[in-house]
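# Secondary and tertiary structure notes
Here are the chains, one letter per residue:
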Amino acid sequence: MSETEGTPRVLRISFEFHVPRTLKGVNIRGVDVDKALNTMADRIIGLAESLFPWSDRVMVRKEWLYNWTDNTETFTLPSTGKNTPN
């Protein structure tokens, strides 16, 4: 089967660790963030080899964000015959 055949399947798991805005005067060093990210990635990859043996690769995305403009809103849409249980 070629790379273009079949259904692509990806399992994505996300974690977000939030530092409270009210936590003042704490310098979170980049080297500490890198160490934490690398340790978590190594442990997850170690688990994945036995718990998800069907996978042929793991993509690790490491981010350290300052979400100054992160505004998420949820909007309730009107009920319809397709989005409301009968």
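Model, not experiment: these values are computed from the prediction.

## Thoughts on the packing of aromatic side chains
Under the counting rule described, the total for this entry stands at two aromatic pairs. With a centroid separation of 5.0 Å and 80° between ring planes, the pair formed by Phe 52 and Trp 54 is classed as edge-to-face. Between Trp 64 and Tyr 66 the ring centres are 6.1 Å apart and the planes differ by 80°, which places this aromatic pair in the edge-to-face class. With a relative accessible area of 56%, Tyr 66 lands in the exposed category.

## A word on the pattern of salt bridges
In the structure shown here, the tally under the stated rule is three salt bridges. In this structure, the salt-bridge partner of Asp 32 is Arg 29, at a minimum N-O distance of 3.2 Å. Exposure remark for Asp 32: the relative accessible area of 38% places this residue in the partly exposed category. Residue class for Arg 29 comes out partly exposed when judged on its relative accessible area of 44%.

Each value, and the rule that gives it
Residues numbered from 1 in each chain as written. Predicted model: local features only at pLDDT ≥ 70, side-chain atom pairs only at ≥ 80, totals over all residues. Heavy atoms only, no water. Phe/Tyr/Trp six-rings, centres within 6.5 Å; stacked < 30°, edge-to-face > 60°. Buried < 20%, exposed > 50% of the residue type's maximum accessible area, 1.4 Å probe, protein only. Salt bridge = Lys/Arg side-chain N within 4 Å of Asp/Glu carboxyl O.

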